[in-house]
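Now for the letters of each chain:
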Amino acid sequence: MASSNSKSTNETARKIFKVLLSNPRITVSWVKAHAGNISNERADQLAKDATQHGQPYSVFKLSKPHIKGLLRKSMLEEWQTSWKNGDTGRKIYSIIPSVSLRPINWIREDVIFFSHHGPFPAYLKSFHQSDSDFCSCGGIGTALHYATECIYAVSWRMRKPAPNFEQEWLKRVTNNLVSRHKICGIIKFMSENRDLFRPP
């Protein structure tokens with residue numbers, strides 16, 4: 001048997017020999033063919049099937065860049081599936097449905113606004129950190145309220161979208177530097193003046 005011969009020049013045999021050498025508990029022995037050994041008969045059948053129906057086997061080396069590309073593609077596909085079917089981050093998913101390795105260059109204030117996880121009464125009430133979801137101005141204290149309606153944030157006010165265009169509006173805002181600058185101003189102002197926005 002070539003695989004048990006330490007002097008064999010066959011590359012596959014050499015690899016098998018190294019495995020056997022590093023695993024002394026594995027033993028290789030000759031088994032008589034067609035003698036009723038179930039495992040041997042099955043191996044013989046699989047070998048015949050492979051020669052008749054299997055794909056031709058070829059040994060070739062893949063370049064590191066090619067392997068990296070395959071791994072990157074596989075990772076992105078798995079990440080995309082997880083992002084699409086996840087339970088968390090749905091506010092962000094509605095704005096950015098596709099994953100990417102390219103940075104989106106969001107600052108802290110962007111993340112707070114677009115995720116709605118910030119000093120907003122509607123968010124705080126959902127986590128029992130506030131008794132009311134109302135802003136002190138009387139409106140429902142959502143991120144959209146402060147960007148488009150609140151009298152205390154009038155310096156950064158943007159045009160309010162129709163209810164059925166809210167997601168499209170958010171996508172446009174993420175790609176507009178002027179709007180992003182206004183959002184940054186709103187969040188900073190709210191963070192510095194929390195008492196002003198507390199519900200009445």
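Above this note sits the structure.
So, here is what we can say about the structure in this document. Computed from a predicted model, the values in this text were never measured in an experiment.

On to helix H9 (residues 177-192), then. The terminal C-alpha atoms of H9 lie 23 Å apart, and with 16 residues this matches the ideal 22 Å at 1.5 Å per residue to within 8%. Considered for burial, the residues of H9 that qualify are Ser179, Arg180, Ile183, Cys184, Gly185, Ile186, Ile187 and Met190. Capping the start of H9 is the job of one residue whose side-chain oxygen sits 2.9 Å from the backbone nitrogen of Val178: Asn176.

Let's shift gears to the packing of helix H5 (residues 108-115) against H9. Between H5 and H9, whose axes approach to 9 Å, the crossing angle comes to 85°. When the axes of H5 and H9 are compared, the pair comes out roughly perpendicular. Mapping the contact onto sequence places Glu109, Asp110, Ile112, Phe113 and Phe114 in H5 and Arg180, Ile183, Cys184, Ile187 and Lys188 in H9. A per-class count over the contact of H5 with H9 returns 6 nonpolar, no polar and 4 charged.

Here we come to the side chain of Asp110. Take Asp110: it is sitting in helix H5. For Asp110, a relative accessible area of 2% translates into the label buried.

Quick look at unusual backbone geometry now. The residue Asn105 is not glycine, and still its phi comes out positive at about 60°. Inspection of the secondary structure assignment puts Asn105 in the loop between helix H4 (90-95) and H5. By relative accessible area, which is 61% here, Asn105 ends up exposed. Notably, His128 is not glycine yet its phi reads approximately 60°, a positive angle. Here His128 lies in the loop between helix H6 (121-126) and helix H7 (143-148). Residue class for His128 comes out exposed when judged on its relative accessible area of 75%.

Counting 23 residues, the largest nonpolar core has Phe113, Phe114, Phe120, Tyr146, Trp169 and Ile183 as its most contacted members. Of all the elements in the fold, those that place two or more residues in this core are H4, H5, H7, helix H8 (166-174) and H9.

Conventions we followed
- Residues numbered from 1 in each chain as written.
- Predicted model: local features only at pLDDT ≥ 70, side-chain atom pairs only at ≥ 80, totals over all residues.
- Heavy atoms only, no water.
- Helix = DSSP H or I, 4+ residues; strand = E, 2+ residues; numbered from the N terminus.
- Expected span 1.5 Å × (residues − 1).
- Buried < 20%, exposed > 50% of the residue type's maximum accessible area, 1.4 Å probe, protein only.
- Polar contact = N/O pair within 3.5 Å; in protein donor to acceptor, adjacent residues only side chain to side chain.
- Axes fitted to C-alpha atoms, helices over the stretch in contact; angles between N-to-C directions.
- Parallel < 35°, antiparallel > 145°, perpendicular 65-115°, else oblique.
- Contact = heavy atoms within 4.5 Å.
- Nonpolar A, V, L, I, M, F, W, Y, C, P; charged D, E, K, R; others polar.
- Core = buried A, V, L, I, M, F, W, Y, C linked by side-chain atoms within 4.5 Å.

Nothing here speaks to function; it is geometry throughout.
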